[in-house]
Amino acid sequence: MADQDIFNTLWTDAVSEYEKRTERKIDKDNTFRDIRRLDDLETVVEKEIERFGAFRNENRKLYSAMAKSIAPMEPLLQIIQKGIGSSPYAPACVVFGAASYLMKACTAVSKAYDGVEELFEQMSEITIRLREYEHGGMEMSLQKKMTDILAYFLEIIGEAEACIKRRRFKEWARSVFTQKDTISKILTKLRRYVEAELGLVIALTYRAVKENRTTARDTLSGVDEVLMNQRSDRQRAFSEAEEKRLSEALKTKTTDEIASQHATNVEKLTTNTGHWIRDDAMFKAWEQEQAPILWVFGKPGVGKTMLAARTIEMLQNKYPQHSDIPSLTSVSYWSFKDNNPALQDCAQFLKAAALQIANANDRFKKHVIATITTKHDTFASARRIWQQLFLEFFTEDTSARSLTSLAFIIVDGLDEGPEAERVKFLSCLADLLACNTNGRKCRIQVAVFARPDVRADPGFEKVNFRTHEKIIEITPERNLVDIEAYIRQRLGDVSVLKVLKRQRGIKEFQALAKHIYNSVQTRSQGMFLWARLVFDQIRGLPSPEAIKESLQGAPQGLDDMLYHVFKRLEVDENMHRSYLCDLLSWVFCAYRPLTISELFVLLHISAGQQCFMIEDDLRARYSSLFDVTGSSVEMEELETGADIAAIDSGSDRDDFDFLEIPDSSDEDEKNWNDSEKSDDDTGAAKPWVQAVDSGKQESGEDRFTFPLHWNNATVSFSHARIRDYLTEEGDPLTRRWDDCSVIPKNLNLKRLDIVMSCLTILKSENTDDYSVSSLKIYAKLNWIKHLVEVDFGSINRPVAVQLARSLASLFGDGQKLLQCSYEVEDEFIRTWLSTSRFSSLVRKIISEHIDELDKGQRDWVLSVKASARALFQPLNVACAMKWLTKTGWDDQGYLDKSERQVSIMYAYSKLTDEGTFGDVDYALWDIPLEDIELIATNELVPKSEHWYTGVAWIMMEANKDDCTSRAIDYFRTAIELQKSGSWVAMEGLAKCYGNLEQYENAIHQMQEAIQNIPSTEAFNGISFYLLERIADWNIRIGDEQRSIEIAQQAYEASRGFAYGTGLASDSSILGSIKSYIEALFRKSAYNRITALLYELDRTETLEDNRSLWIVFLRAQHWSIYNVLVFDKVGKIVQESGDAVVFDFMASSFTRLVSLTPNDVAEGEKPVWLAGQSAEWQYHYAPQPEESAALWQRIVKFIDESNEVYQQSQAWHRTKAAAFLGLIHFDAARSAFKSGIDASAHVTKLEELAQHTQGSKRYYRASYPALALGMWLHEYAKVEDDVWRACIRPSIRQAFYLLTDEDPWNDQDAYSQLGAALLFAGDIPNASISIGITMRPLEEQYKPPKQPVLAPGSPQEESVPSNEEPAPVTDIPINSPSTTQGLPGSDHGEPQSPDIAEHGAATDVSQEQAVNPKYAGFELLYTCDGPCMSSRESYTELYFCRICNDVCFCDKCLELVRTNRMPFRRCASDHPHTRMFPVTDEANRMTDALIDRRFEVQREWLDGLKKIWDA
């Protein structure tokens, strides 16, 4: 009865709330008695439809959505009815009755239909899974959860009806999207409760499963956590090192910008446009390598960028760009953008192109790695990059017959690049043409999309224009079909057409569409920008007449159209001219795209306006001029209430098929629907606008707060031609019109205004008030660049004087100038102290106006005029004072050890009077000892205890013997001068001892330092940071118990601080946790560790929804905090068998791993964390399948990310796919043995094994493909051609690596080839391939010489599983019989020269060239079991034929066979094959390679190629 009382109370409260909202009494309303089922509700709806015929379709649509959301809940209504017993409020009657009243409310307020339909669609997405309770009951805990869910459902219906009755539907409709209103909050609660229901179901299910667990976990034996590290892929280190070297050399911000720009362009592509270029004769000739360069010329606005994007897409579909697909043809691309500094540098473009090609072409990748390793001038210039990375690789003899690499390079917007960069690019093209002479050919095909103006560039004549190139001119005739497609697409944006379509005004709809189509199509002259400007003008107009008038007034010609647009804005913006003019100026002059938040602050400074509606203006009123890219929220449509939610997101092509029908008359255009409906409700202001006081704001709490997405949404011109237009109109010499006030007329003066605004930002707190730190950084980096662009000849004297005073004020105040270096120290030094370009300009401006400056500044200005050193003298003094002077040991300046100031002072010490560096050959951060002392004495700061401490600290950080020794002397001197309170000197002295490994002295000094820390609030938390060091030193001297005590002190001290402040305490908190866990683990204090983890999980942080435990797990990605906590907790689970710890970790992973699109910004971290979590689950979960969902999420997350991210995370995807493949392969084998259908697992294996490129699917060179091949071969018994197709890509890739010119990848190639042959069942050749890699291991272990038989011979000791089909060895063994030996050998007698370590022959001189077929071989394999055996002790190694790269020594193999492994690694029913000691055939092959008898290897590989058609 107690439970029934609870249900009654919950439901009664929900009904009461509904009655309160709707002012309706349920027990007195027959509606709530008559409607008991969904069928009854349908009957009521049908009656309403007959009654209100005008809204027949809306009623049916709404009922359909409502039924879809309610239907899954019908089973719940019956179950809950039993729970609440005799309650007068039957759940079914109440819910269905409330729904019927909501329908009636919509009938009364017709514009509510679409919004309510949207609401029910969202609710159906939440309730759909509740249908699972249709058959069967539920536990009592679930019944309570379901009652809550039903209550929220009723609350939503009641609130929706109340909103409609209040006639505030527009405000309510917005709540579906902005998630700020009452309904949205209830909807969120409903979603959470349904998710909680799912979690409860899982928990109940898991509890039942846990009760049936076997006691196998109790038998797990312990191993040291070091073994966990052996579970990573053995080939990872080498490949990761290569990838890292490649990424560090080539990956820049430009790489990401190019990918982002291309993705944006592809999204903008109109369907079925741009394909005409594919059929052009010039394009075909270029693609067929009849000419190396294709020029695609077009005037502004004709769609060159979109055509370039289409060209890239077509080439990539034709030539797949993926390392798993055998293709030597690469497609790379880049685009110049004049408003983006990351897209203006030719050298950076070439790096990006090289990286794009390397990611698809392994041969080129090896060439790049070899080049950047051996040649140190590769990146000296763009031309050097082009010659060494591109021309040297792709140039070949024309007589060459072997398959060689081909590269297509697409370059867009050449005309937008700086002239100097265009000249560099043309020089590269000239070098390309020079390679195609005298029997030589360079297989690089370059297509350049540009304006015809580039023909006037210096150096253009060097590319033999119209001699060696193909040319395509983009003409109106060629663009005709594409323009028509674009017009069709944009017709769907016209508001009037949307309304006509919805109201079924077919004749009016078609007539207006035809009029727009014909007008734009005939007058656009092939210019997409012209068409875009027209549609942006007409899309929001209120009537067909207004549209026709606007079309009639649109001038022909792009410049005239731009002028027309600005003039219309001028009329509309009488109150906002200054705002738009300043907005244009900032976007025009900025050195990078500015964010909306940055523009808001800049306009506040320069235009004096708080432009709260800036985003609305950018996206609507000014959308013809600007593009807003990046993070955003759904913008509310500025249309009539009836249009909200009713308008389609876009019109299908079928909506405008009538445009293709010849029209003999314009009669239809006369039929206009004059009964347009309007809505006076234009919508309430956004919530964050309502809260803003437009007056002066005194407190941060009252200040306007930006929407978060403003910080990421960047603003740029919608087309490059707009920038050109402003350039022309901003110059009196080229200006055509003088009567448009919104266009900046004096760009020179505007540039000076920008300089003054930047200086204002640097000297004020505006950006701090608005939390736009990026803007202050922009000002620090770029104010001087803007100043260089100003022509002072046209600036009047008062303005120039104001500028001179501002500069004198900034440079004369060392503290202010020092603040300008914060966060940009390196760039600050490069700008001001390594060149005289900028400092000389500042000196000139200040010196020329010396008489107008304050008298107190004039003597300093005179010295500045004579020497650049005087300009920075105040800065140097400020640095010295901050570094070397303190008010006492409790001075907060000690929280910053002044490294930045020392770097500036060192650079200043090398500065000449002219403003340049002297002869400096070493990096700024590697300051010699004598220079540290020199710069410390330059400013004559008194040598106090603080002077000695400051100097010593910099010496200590150098961590060199001479510096450390001198630092110890200086720290001791500081302590002698004032021992009391000298904690900083003591800390530094302790660290010096620690660097020298004198840990006892270090511990003693650090304890002294802790005792002397000031007891002020500013220094709270320092002690536990220092205790962490002591704990680490105790571990190093072996005092583990003392280490635990100290680490515990540090951790407990850290508990007084909240994580997430962004202060130094954050790092100290994580460090104390790391030290504590490490100390406890070394003493096997597992119970204390688990208690610590639970405590961390209960500790809240300032990060949203993250406990301190989750924060610490995330920090494991950083090596400084990585304590191998995943492995340590795994060891605890393994030894204790504690299911609670396992459940805790499973719950932690759910909160740790999100893998949402926003995670891409964090780089590798989210994927790494997800991989660690999934691998932990695989090793320790009761069933390996429990990790499958997370592995699948990793694969999906990477596949759905952008191209750059996919390439950078390819290793993680390969790993995740391999684990998934193993899980499904094992499941399929298990099903096969049990006589169960395995098709579902095989299908999953096929999906993982294949890769889609265009319309084709290919098998990857991957573990899933190998496993699939083995399944098809040994279980499905398919034809050879079918299963070999799965294995062939891996074999081909190995052949490719073995036949390239890089011997350093051959060991990995042999390993890959051997693994593929193992899966194919070709054990003899697999033994040869893997055996070649094991020569270094054989050198470590030399057992008594005895004959080693080939695998497959009767005496060979292989270990197949009794339950497994015998390994298939019917593939022809590619060697004569073992009695004859390998090709090239003397009947099996090996030639055995003395072999040095790692397989190098001792008779080969060190001066001899690297063996081109045997170089860099190392110890590659270790046992994957828990034995901890050294490699020298291996007598045998057995390889698993099913697991991915897994082998065991003989002792650990026995553990596998008998199911006694302490963690999941392989399985007892997997077949294993002995690979060590290696076979005689493998030894003979290795000897031949070392002896450079390469024909032996060649003959063997040729035989394999014939077998595998590779």
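These numbers come from a predicted model, not from an experiment.

Calculation notes
Residues numbered from 1 in each chain as written. Predicted model: local features only at pLDDT ≥ 70, side-chain atom pairs only at ≥ 80, totals over all residues. Heavy atoms only, no water. Helix = DSSP H or I, 4+ residues; strand = E, 2+ residues; numbered from the N terminus. Buried < 20%, exposed > 50% of the residue type's maximum accessible area, 1.4 Å probe, protein only. Contact = heavy atoms within 4.5 Å. Areas by Shrake-Rupley, 256 points an atom, 1.4 Å probe, with all protein chains shown as cover. Phe/Tyr/Trp six-rings, centres within 6.5 Å; stacked < 30°, edge-to-face > 60°. Lys NZ or Arg CZ within 6 Å of the ring centre and 35° of its normal. Core = buried A, V, L, I, M, F, W, Y, C linked by side-chain atoms within 4.5 Å. Disulfide = S-S within 2.5 Å. Expected span 1.5 Å × (residues − 1). Pairing = 2+ DSSP bridges. Axes fitted to C-alpha atoms, helices over the stretch in contact; angles between N-to-C directions. Parallel < 35°, antiparallel > 145°, perpendicular 65-115°, else oblique. Left-handed = near helix turned anticlockwise from the far one by under 90°. Salt bridge = Lys/Arg side-chain N within 4 Å of Asp/Glu carboxyl O. pLDDT = per-residue confidence, 0-100.

(A) Here's a closer look at the overall build of the protein. Looking only at helices and strands, the protein has 65 helices and 15 strands in total. Split into buried and exposed, the 1510 residues of the protein put 56% on the buried side. Pairs at least 24 apart in sequence give 74% of the contacts found in the protein among residues at least 6 apart. Here the protein has roughly 66,200 Å² of accessible surface; of this, 47% comes from carbon and sulfur atoms.

(B) Here's a closer look at the packing of aromatic side chains. The full count for this structure, using the stated rule, is 51 aromatic pairs. Every member of this aromatic cluster is reached through a ring pair, and the members are Phe1126, Phe1142, Phe1149, Trp1168, Trp1176 and Tyr1180. Between the NZ or CZ atom of lysine 897 and the centre of the ring of tryptophan 953, over which it lies, the distance is 4.7 Å. When the ring centre of phenylalanine 1295 is taken as origin, the NZ or CZ atom of lysine 1505, which lies over that ring, is 5.8 Å away.

(C) Examining the nonpolar core more closely. Formed by 391 residues in total, the largest nonpolar core has its most connected members in Trp295, Phe390, Ile516, Phe626 and Trp783. Excluding its chain neighbours within four sequence positions, the residues that come into contact with isoleucine 516 are Leu491, Val494, Leu497, Phe535, Ile538, Ile547 and Leu551. Formed by 17 residues, the second largest nonpolar core is a distinct cluster that contains Trp11, Ala14, Leu102 and Leu154.

(D) Geometry of the state of the cysteines. With the rule as written, the count across this model stands at zero disulfides. Here cysteine 1443 is not disulfide-linked; the sulfur of cysteine 1440 is the nearest cysteine sulfur, at 3.7 Å. Considering cysteine sulfurs only, cysteine 1440 is the nearest to cysteine 1466, which forms no disulfide, with 3.6 Å between them. Cysteine 1466 gets classed as buried once you look at its relative accessible area, which sits at 14%.

(E) Here's a closer look at helix α45 (residues 999-1011). Given a rise of 1.5 Å per residue, 13 residues ought to cover 18 Å, and the 18 Å separating the end C-alpha atoms of α45 matches this to within 8%. Tucked into the core, α45 has its buried residues touching α44 (983-995) and α46 (1022-1036).

(F) Examining the sheet that holds strand β8 (residues 594-595) more closely. With antiparallel pairing, three strands are arranged side by side in an open sheet as β8-β10-β9. Across the chains shown, the open sheet's two edge strands, defined by having one partner strand only, are β8 and β9 (626-629). Taken together, the two bridges between β8 and strand β10 (residues 714-717) define a ladder with antiparallel strand orientation. From the neighbouring strand, threonine 595 faces β10, where its bridge partner is threonine 714.

(G) Molecular detail of the packing of helix α61 (residues 1323-1332) against helix α64 (residues 1480-1490). For the pair α61 and α64, interaxial distance at closest approach is 8 Å and the crossing angle is 45°. Classed by the angle they form, the pair α61 and α64 counts as oblique. In this structure, α61 crosses over α64, and the sense of that crossing is right-handed. Taken together, the residues of α64 that come into contact with α61 (itself represented by Ser1327, Ile1328, Gly1331 and Ile1332) are Glu1481, Ala1482, Met1485, Thr1486 and Leu1489.

(H) Structural detail: the environment of proline 300. Inspection of the secondary structure assignment puts proline 300 in the loop between β1 (293-297) and α14 (304-318). Note on proline 300: relative accessible area 18%, which makes it buried. Placed 229 residues apart in sequence, proline 300 and leucine 529 show a C-alpha to C-alpha distance of 8.0 Å. In contact with proline 300, not counting residues within four places along its chain, are Arg451, Met527, Leu558, His719 and Arg721.

(I) Quick peek at the sheet that holds β1. Here five strands make up an open sheet; going across it, the order is β2-β4-β6-β1-β7 and the pairing parallel. Looking at strand neighbours, the two that pair on one side only are β2 (329-335) and β7 (469-473), the edges of this open sheet. Sheet twist, expressed as the mean angle between neighbouring strand axes with direction ignored, is 15°. Bridging between β1 and strand β6 (residues 444-450) involves five bridges; their strand directions are parallel. Note on β6: the bridge partner recorded for leucine 294 is alanine 447. Here α14 sits on the sheet in contact with β1, β2, β4 (406-412) and β6, set at roughly 165° to β4. Those strands touched by helix α15 (residues 346-360) are β2 and β4, and its axis lies near 150° from that of β2.

(J) Expanded view of the pattern of salt bridges. Enumeration over the complete set of coordinates arrives at 53 salt bridges. A salt bridge links arginine 723 to aspartate 338; the shortest N-O distance between them is 3.1 Å. Here aspartate 338 lies in the loop between β2 and α15 and arginine 723 lies in helix α29 (residues 720-729), a separation of 385 residues in the sequence. Under the relative-accessibility criterion, aspartate 338 is labelled partly exposed at 21%. Between arginine 830 and glutamate 827 there is a salt bridge whose closest N-O contact spans 3.0 Å. Residue arginine 830 and its partner glutamate 827 are located together in helix α35 (residues 825-832), separated by three residues, close to a single helical turn. Put simply, Lys268, Arg490, Asp493, Arg532, Asp536, Arg539 and Asp627 are held in one network by salt bridges that share partners.

(K) Just the side chain of threonine 270, in detail. Among the structural elements, threonine 270 can be located in the loop between α12 (253-268) and α13 (281-287). Excluding residues within four positions of it along the chain, threonine 270 makes contact with Arg310, Ala485, Tyr486 and Gln489.

(L) Structural context of the environment of alanine 352. In this structure, alanine 352 sits in helix α15. Given the relative accessible area of 1%, alanine 352 is considered buried. Not counting residues within four places of it along the chain, the set of residues in contact with alanine 352 comprises Leu250, Thr255 and Ile258.

(M) View of unusual backbone geometry. Going from phenylalanine 1476 to proline 1477, the amide bond is cis rather than trans, its omega being 0°. Its location among the elements puts proline 1477 in the loop between β15 (1472-1476) and α64. Of note in this structure, glutamate 289 is not a glycine but carries a positive phi near 65°. With respect to the secondary-structure elements, glutamate 289 resides in the loop between α13 and β1. Using a relative accessible area of 18% as the deciding quantity, one classes glutamate 289 as buried. Although it is not a glycine, leucine 1155 sits at a positive phi angle of roughly 55°. With respect to the helices and strands, the residue leucine 1155 is situated in the loop between α52 (1139-1152) and α53 (1165-1180). A relative accessible area of 12% places leucine 1155 in the buried class.

(N) Highlighting the pairing of β6. Within β6, seven of the seven residues are buried, leaving the element largely enclosed by the surrounding structure. Residues Ile444, Val446, Val448 and Ala450 point to one face of β6 and Gln445, Ala447 and Phe449 to the other, with burial holding for every one of them. Bridge count for β4 against β6 is six bridges, and the pairing is parallel. For aspartate 412, the partnering residue across the bridge sits in β6 and is phenylalanine 449.

(O) Up close: the environment of leucine 1266. Summarising the element assignment, leucine 1266 is placed in helix α58 (residues 1263-1274). In this structure the C-alpha to C-alpha distance between leucine 1266 and alanine 1249, which are 17 residues apart in sequence, comes to 8.1 Å. Filtering out sequence-adjacent residues up to four positions away, leucine 1266 remains in contact with Cys1286, Ile1287, Ser1290, Ala1316 and Phe1319.

(P) Expanded view of helix α60 (residues 1306-1320). Here α60 is 15 residues long and its end C-alpha atoms lie 21 Å apart, about the 21 Å a rise of 1.5 Å per residue gives. Glycine 1321 sits one or two positions beyond α60 and adopts a positive phi of about 85°.

(Q) Fine view of the confidence of the model for the protein. Here the protein averages 78 in pLDDT, while 75% of its residues score no lower than 70. Contacts for the low-pLDDT stretch residues 52-56, under 50 throughout, to residues beyond four places or in other chains number five contacts. Here residues 167-180 is a poorly scored stretch, pLDDT under 50, and it has 35 contacts once near neighbours within four places are set aside; other chains count.

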